[in-house]
Each structure stands twice: as C-alpha cells, then as structure tokens.
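Residues per chain, in single letters:
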Amino acid sequence: MSDLRGISRLAVEATVAMTDLVEEVHRSVTTVPEVGALDPSRRKRMRGITGFVYRTIRQITHWVGHSVDGGLAQLQPLLLTQPGTVSLSTVPVSPHRDAVLAALNGVLGDHLAATGNPLAIPMAFRRAGRVLEPQREQGSRMLLLVHGLCRSDLQWLRKGHDHGASLASELAFTPVYVHYNSGRAIATNGRELAMRLEAFVQDWGGPLREIVVLAHSMGGLVMRSACQVAETEGLAWRGKLRKIVFLGTPHQGAPLERGGNWVTLALDRSTYTAAFARLGRIRSAGITDLRYGQVTPLRAVDRFAPASGHRDVVPLPKGVACYAVAATLAKGPEPVTPGVPGIGALATVKTVLGDGLVPLASALGEDAEPARTLAIPEDHRFIAYGTSHLDLFDHPEVYEQVARWLAVPAVATL
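Model, not experiment: these values are computed from the prediction. (Residues numbered from 1 in each chain as written. Predicted model: local features only at pLDDT ≥ 70, side-chain atom pairs only at ≥ 80, totals over all residues. Heavy atoms only, no water.)

## A few points about helix H6 (residues 218-233)
- Helix length check: H6, at 16 residues, gives a terminal C-alpha distance of 23 Å against a target of 22 Å (1.5 Å per residue), a fit within 8%.
- The element H6 is largely enclosed, with a buried count of twelve among its 16 residues.
- Among the residues of H6, Met218, Gly219, Gly220, Leu221, Val222, Met223, Arg224, Ser225, Ala226, Cys227, Val229 and Ala230 are the ones counted as buried.
- Here the buried face of H6 lies against strand S3 (141-146), helix H5 (186-202), strand S7 (210-216), strand S8 (241-247) and helix H9 (285-289).
- Positive backbone phi, at 65°, marks Gly234, one or two positions downstream of H6. (Helix = DSSP H or I, 4+ residues; strand = E, 2+ residues; numbered from the N terminus. Expected span 1.5 Å × (residues − 1). Buried < 20%, exposed > 50% of the residue type's maximum accessible area, 1.4 Å probe, protein only. Contact = heavy atoms within 4.5 Å.)

## Quick word on helix H4 (residues 163-171)
- Buried within H4 are the following residues: His163, Gly164, Leu167, Ala168 and Leu171. Along the axis of H4, the buried residues cluster in a sector spanning 130°; they form a single face.
- Elements that come into contact with the buried residues of H4 comprise S3, strand S5 (161-162), strand S6 (174-179), S7, S8 and helix H12 (396-407).
- Sitting at the head of H4, Asp162 places a side-chain oxygen 2.8 Å from the backbone nitrogen of Gly164.
- Just downstream of H4 lies Ala172, where phi reads positive at about 60°. (Arc of directions from axis to C-beta. Polar contact = N/O pair within 3.5 Å; in protein donor to acceptor, adjacent residues only side chain to side chain.)

## Looking at the nonpolar core
- Of all hydrophobic cores here, the largest spans 47 residues; its most connected members are Met142, Leu144, Val213, Met223, Trp237 and Ile244.
- Contributions of two or more residues to this core are made by S3, S6, H5, S7, H6, S8, strand S9 (321-328) and helix H11 (360-363).
- Per-element accounting of this core gives the leading share, eight residues, to H6.
- Apart from the residues within four sequence positions on either side, Met142 is in contact with Phe173, Thr174, Val176, Leu197, Phe200, Val201, Trp204, Leu208, Glu210, Ile211 and Val212.
- Among the nonpolar cores identified, the runner-up in size contains 24 residues, and Phe173, Tyr177, Leu247 and Phe393 belong to it. (Core = buried A, V, L, I, M, F, W, Y, C linked by side-chain atoms within 4.5 Å.)

## Let's talk about the packing of aromatic side chains
- Enumeration over the complete set of coordinates arrives at four aromatic pairs.
- Taken together, a centroid distance of 5.2 Å and an interplanar angle of 85° make the contact between Trp156 and Phe393 edge-to-face. Placement of Trp156 in the loop between S3 and strand S4 (157-158) and of Phe393 in the loop between strand S10 (381-385) and H12 is noted, with a sequence separation of 237 residues between them. For the pair formed by Trp156 and Phe393, the shared burial category is buried.
- In textbook terms, an aromatic cluster arises when at least three aromatic residues are bridged by ring pairs, as seen for Phe125, Phe200 and Trp204.
- Between the NZ or CZ atom of Arg141 and the centre of the ring of Phe173, over which it lies, the distance is 4.1 Å. (Phe/Tyr/Trp six-rings, centres within 6.5 Å; stacked < 30°, edge-to-face > 60°. Lys NZ or Arg CZ within 6 Å of the ring centre and 35° of its normal.)

## Section: the confidence of the model for the protein chain
- The share of residues in the protein chain with pLDDT of 70 or more is 62%, and the mean pLDDT across the chain is 76.
- Low confidence marks residues 78-91, where pLDDT is under 50. Its contacts with residues over four positions away, or in another chain, come to eleven contacts.
- When the criterion is pLDDT under 50, residues 336-350 qualifies, and its contacts beyond four places in sequence or with other chains add up to 27 contacts. (pLDDT = per-residue confidence, 0-100.)

## Re the packing of H5 against H6
- Relative to each other, H5 and H6 sit at 60°, their axes nearing to 7 Å. In this view, H5 runs oblique relative to H6, as classed from their interaxial angle. Where H5 crosses over H6, the handedness of that crossing is right-handed. Note on element contacts: H6 touches H5 through Met218, Leu221, Val222, Met223, Ser225, Ala226, Val229, Ala230 and Glu233, opposite Ile186, Ala187, Asn189, Gly190, Arg191, Leu193, Ala194 and Met195.
- Among the residues forming the contact of H5 with H6, the class breakdown is twelve nonpolar, three polar and two charged. (Axes fitted to C-alpha atoms, helices over the stretch in contact; angles between N-to-C directions. Parallel < 35°, antiparallel > 145°, perpendicular 65-115°, else oblique. Left-handed = near helix turned anticlockwise from the far one by under 90°. Nonpolar A, V, L, I, M, F, W, Y, C, P; charged D, E, K, R; others polar.)

## Let's talk about the side chain of Thr249
- In this structure, Thr249 sits in the loop between S8 and helix H7 (255-268).
- Dropping the residues within four chain positions of it, Thr249 is found in contact with Ala215, His216, Ser217, Gly220, Leu221, Val358, Ser362 and Ala363.

## Some remarks on the environment of Gln202
- When you line up the elements, Gln202 lands in helix H5.
- When its relative accessible area of 58% is taken as the criterion, Gln202 is described as exposed.
- For the pair Gln202 and Gln135, spaced 67 residues apart in sequence, the C-alpha separation works out to 9.2 Å.

## With respect to the sheet that holds strand S2 (residues 130-131)
- The sheet built from eight strands is open, its strands ordered S2-S1-S6-S3-S7-S8-S9-S10 with mixed pairing. In the strand order of this sheet, the two ends are held by S2 and S10, each with one partner.
- Bridge analysis of S3 against S6 gives five bridges, and the strand direction is parallel. Bridge pairing in S6 links Leu145 to Tyr177.
- Its contacts with the sheet put H12 on S3, S7, S8, S9 and S10, and the angle it makes with S8 is roughly 165°. (Pairing = 2+ DSSP bridges.)

Put into structure tokens, the structure is as follows:
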C-alpha cells in the first residue's frame, strides 16, 4: 500500500508540474518576450479565462490527490491487521519491484526524500534483499558492496553471477550489500553511509579485522565521500578499511551528464524553450553530481549552473589499497592515431568513451589537470575490453582480476 500511496502522490505532483509547464509554454508563445523572463521568480501565470482553467486543474489535482493519499493512509493499517493478511516486513522480496524502485529513486530520489514519499529508499545493509542485524553477523573479513545509480543491491546478481557471493565463497568474506537512494546527492549518501557503517561495525557479532569494499560506478564516489567523512569525524571503521576496488567509477565525471546539462542550459536561454528546460531540471542531485564526480557537498550554487560541480580535489583515502577496473567497448588495444588523445597506447573513439557511460580516463582516475589525477598504480589498474558498463557485474576476467587483488593479504598502514 505504501507503493500505491507513493505513486499517487508522485502522479499528483507530476500532473501539477506538467500543468505549470503547459501554462508556461502557452504564455511564452502568446506574449512578447520580456526582460527577466528567464528568472523563475518573475514568471507570471495566465490571466482571464485561460488562467482560471489552469488554476482549476491544479486545485482539482491537489484535492483528488490528497484524498486518495489520505484514504490509502487510513486503509493501510486495516489491511495489515486483517486475519490472513501478511505484514509488509514478511512480504517476499521482489527483484522486479526493487529494480523499478531503484530506477525511480535514481531519477527522482532527492525529490522523493525531500517530500517524505514512501517510495524513497531508506539506506540499509542487506543480503538477498533482507535487512541485516549486525549482532548476528560473523566473520573477521567484511566485503562491503556499494551499487551505483538507479541500481539495487539485488542487481549485483547478473546472468547467474554475483561478485559478492563468489568472493565470499572463494576468499571467506562476509558480504554486506548497501541499499540506498541513488538520487540523493553523493555527499549526502556518503555521510549517511559513514555514520551507519560506524554503528553497524560497533554491533558486529564478533571480532572484525578488516573491511574491503567493492563499488560499482556511483557507488565508488559514495564510498570515497564516506571515507572523507570518516576521517573528519574520526570514525573507528576507517581504521579497519584495507582495500577498495572501483568498477567503472566516474572519478572525473561522466560526459553524458555534462552533455545533458549543456542541453538544459541551452534551452533555458530562450523564453520559447525555457519551459522545456524544466524537464531536464527534474533529474536528481545524484545524476548531476556525476557531471564532475562530485564527492563533496556543492557550494551554495544552482547545481545546473555552468560553474557548479568544480569541486575540491579529494585524494584517495590514505593507507588503503585502491584498485580501478575500467571497461571499454573497443575489442582491444589499438595504436595511437596522430592528433587523437588517448591513454597510453589507446586512442580510438571507443576507448575514449570507455564503457558507453564512463570514459577510460575517468574510470582510471586520470585527468588533464595533474593535481586532480588519482594516484592509482599501474598494477592496480585493469582494462576490460569489449565490455559495457553493466558487463562489469558478470565479466569473468573482471571477477578473476578482482579475486586476485583481494586474495593478497591486506596490510594496515593507517
């Protein structure tokens, strides 16, 4: 029932937003552009009969939406206490439902969280979709798995393979999967992860000697942010962290988000297309943070502004062995083409674009500015050829390389 309430609320908000959008386009094409029209605070409503129609749509939408939401809120406890009904806490985990909610949270998660929508995913430590009780956990080696944008912890399982389960079996790790709302700002998720991990480790059911992290895509940025918080706050779990393996993490950002922001800004420049730019502004803070690999809180600036995202340089955590797996759609290394920038002996368009979402340079922590380049040693880097961003979840060579790295005993140097 919470899903229905959340969807109904989201539908109400979407309908009102679309009504605003249509009205704004209507006003734009029927009036002469005026000075300051691009300033949202100076945008005007339609007047007369036309304005009355738009106001009525908004009022009816709010009235119906609030009535449905309120009715479902009263109905939910009744359904859960009726004889023969099942509590939400014992409903079997549905990978399909989890995937849909994960995608929705990735796109609108910051909005869902800010409005208290039941569809917002709360951060939790899980395994097989079930929330873990730290007192029941055993083993001296924790493998923490952090998923990326629009993903769920259940989606570490792909084509019958789960890196976490396989590494646990082969190397005696206790796998712990982080489940979180990937639409929130990366720094927000990083801080919460740092604090929740502190409490989780303190309540662990036995001696915990080390923590090793496997992070995919945005998950690597969230983990880097959590490390920075842990160092600032002096959290105890930081001293147990030994290794981090990044799978396709956009350390230096993702060009697709930069391109999307460029389109939004271009549309915003004209009074006739500014209304459509608002559709681009719907995307979550988590997505816009990927523009430059933002791991620290943004300064007080519009996150869609051209200058936003030029963050402070955040090095990799000290005393932690960090590894990077990058993927490229190219089938193999190719000679450098004159005039085309590349990485070492790599220079084709496919190698520059990487896995279709994250460029090779970004996944390897390289940057045109030396000060922003992450110091990941050559023997701690691996390139998977003919591999997409999602193939990193089940690529045999990727797993074998990760297993070799994690099999080497960790040495605490913090």
